[in-house]
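A structural walkthrough
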Amino acid sequence: MARNNVLSWRDGRGWLVLAGGAAIGSSIRAQAIGRTAADGGVAYVALGASNSIEAVLEDFEDLGAPSGYVVDVLSEDDDTIRSKLAEAGMVVISTDSDAETMHSGLLGAAAQGMELAFASGALILVEGVGSAVLGEMFVSSRGEYFNGLGWLDHALVLPGVVSIAETQVARAALVDHPSLMLIGIGDGSALALGPDGEFELWGDKQVTVAIGHSYTSSV
């Protein structure tokens, strides 16, 4: 795991960028494009047929992103999903699916392809609800806790949350899982984590962290 103070995340040569929300023409998207590896296109992850992913692709191209392609993790075969993601210079996950659907769709071949791309230097940008499932645990739309994909160690990510102290879900999580660190990321903000321990706040920089009373850093 790469580390910065108490926060640790998956090792790799790429950048991991977690955005609290998605917005057309956002400075976060533009900054992500600027950090993208020179080699490889942009892989846009889709979960079934959706017009929204085409709008995302068009916006990135308008912002100057390299040529891209859609990877439907629900309909394409595992080998295709894995290889198309692994060869990308940037992977974008920006859908309106709920956290449970996102998690289910990203398990297996999609996660493996993302890991290979990240290890080779790709930037992984996850916007909105999808950023939640990259943590060790995530909260479902029904308030239930599930294991996440584990890209951030001992962390629970709360997209769209500006104040942990004033958010009921966050306060409950600190009680229910005191060994976790909560990361709230506002809609217009992003947490960017680099290969050499870089820790940056993008956009509006509304990122808050709260540590459970029994949290123990692995640093």
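The preceding data block contains the structure.
Residues numbered from 1 in each chain as written. Predicted model: local features only at pLDDT ≥ 70, side-chain atom pairs only at ≥ 80, totals over all residues. Heavy atoms only, no water.

1. Some words on helix α1 (residues 27–34)
Those residues of α1 lying buried are I28, R29, A32 and I33. Projection of α1 onto a plane perpendicular to its axis shows the buried side chains occupying an angular sector of 140°, all on one side. (Buried < 20%, exposed > 50% of the residue type's maximum accessible area, 1.4 Å probe, protein only. Helix = DSSP H or I, 4+ residues; strand = E, 2+ residues; numbered from the N terminus. Arc of directions from axis to C-beta.)

2. As for helix α5 (residues 109–119)
Looking only at α5, the buried set comprises A109, A110, A111, G113, M114, A117 and F118. Packed against the buried residues of α5 are β3 (16–19), α3 (78–86), β6 (90–93), α4 (99–106) and β7 (123–127). Immediately beyond the C-terminal end of α5, within one or two residues, lies G121, with a positive phi of roughly 115°. (Contact = heavy atoms within 4.5 Å.)

3. So, the side chain of S94
Here S94 is to be found in the loop between β6 and α4. Side chain to side chain, S94 and E127 meet in a polar contact 2.7 Å long. What S94 contacts, discounting residues up to four positions off in sequence, is A22, R29, I53, V56 and E127. (Polar contact = N/O pair within 3.5 Å; in protein donor to acceptor, adjacent residues only side chain to side chain.)

4. Things to note about the pairing of strand β13 (residues 199–203)
Note that strand β12 (residues 189–193) and β13 share five bridges and pair antiparallel. If you follow L191 over to β13, its bridge partner there is L201. Between the antiparallel neighbours β12 and β13 lie five residues, among them G197 with a positive phi of about 85°. (Pairing = 2+ DSSP bridges.)

5. Structural notes on the packing of α3 against α5
Following both chains from N to C, one finds α3 and α5 inclined at 25°, their axes separated by 7 Å at the closest point. Taken together, the axis directions place α3 and α5 in an arrangement best described as roughly parallel. Crossing of α3 against α5: the hand is right-handed. Within the contact between the two elements, α3 uses D78, I81, R82, L85 and A86 and α5 uses A109, A110, Q112, G113, M114, L116 and A117. For the contact of α3 with α5, a count of residues per class yields eight nonpolar, two polar and two charged. (Axes fitted to C-alpha atoms, helices over the stretch in contact; angles between N-to-C directions. Parallel < 35°, antiparallel > 145°, perpendicular 65-115°, else oblique. Left-handed = near helix turned anticlockwise from the far one by under 90°. Nonpolar A, V, L, I, M, F, W, Y, C, P; charged D, E, K, R; others polar.)

6. Remarks on the sheet that holds strand β4 (residues 42–46)
Consider a sheet: its strands pair through backbone hydrogen bonds, and that pairing is either parallel or antiparallel. The seven strands are arranged β5-β4-β6-β7-β3-β12-β13 in an open sheet whose pairing can be described as mixed. Of all strands in the sheet, those bounded by a partner on one side alone are β5 (68–72) and β13. The sheet shows a mean angle of 20° between the axes of neighbouring strands, taken without regard to direction. Contacting β3, β6 and β7, α5 crosses the sheet at an angle of about 140° to β6.

7. What about the pattern of salt bridges?
Within the structure shown, the criterion is met by eight salt bridges. Residue R29 is joined to E127 by a salt bridge in which the shortest nitrogen-to-oxygen separation is 2.9 Å. Here E127 lies in strand β7 and R29 lies in helix α1, a separation of 98 residues in the sequence. In this structure E127 comes out as buried when scored by relative accessible area, which is 3%. Between R82 and D79 there is a salt bridge, and its shortest N-O distance comes to 3.1 Å. In this pair, R82 and D79 both sit in helix α3, three residues apart, roughly one turn of the helix. On the accessibility criterion, R82 (24% relative accessible area) is partly exposed. Overall, the relative accessible area of 55% leaves D79 in the exposed class. (Salt bridge = Lys/Arg side-chain N within 4 Å of Asp/Glu carboxyl O.)

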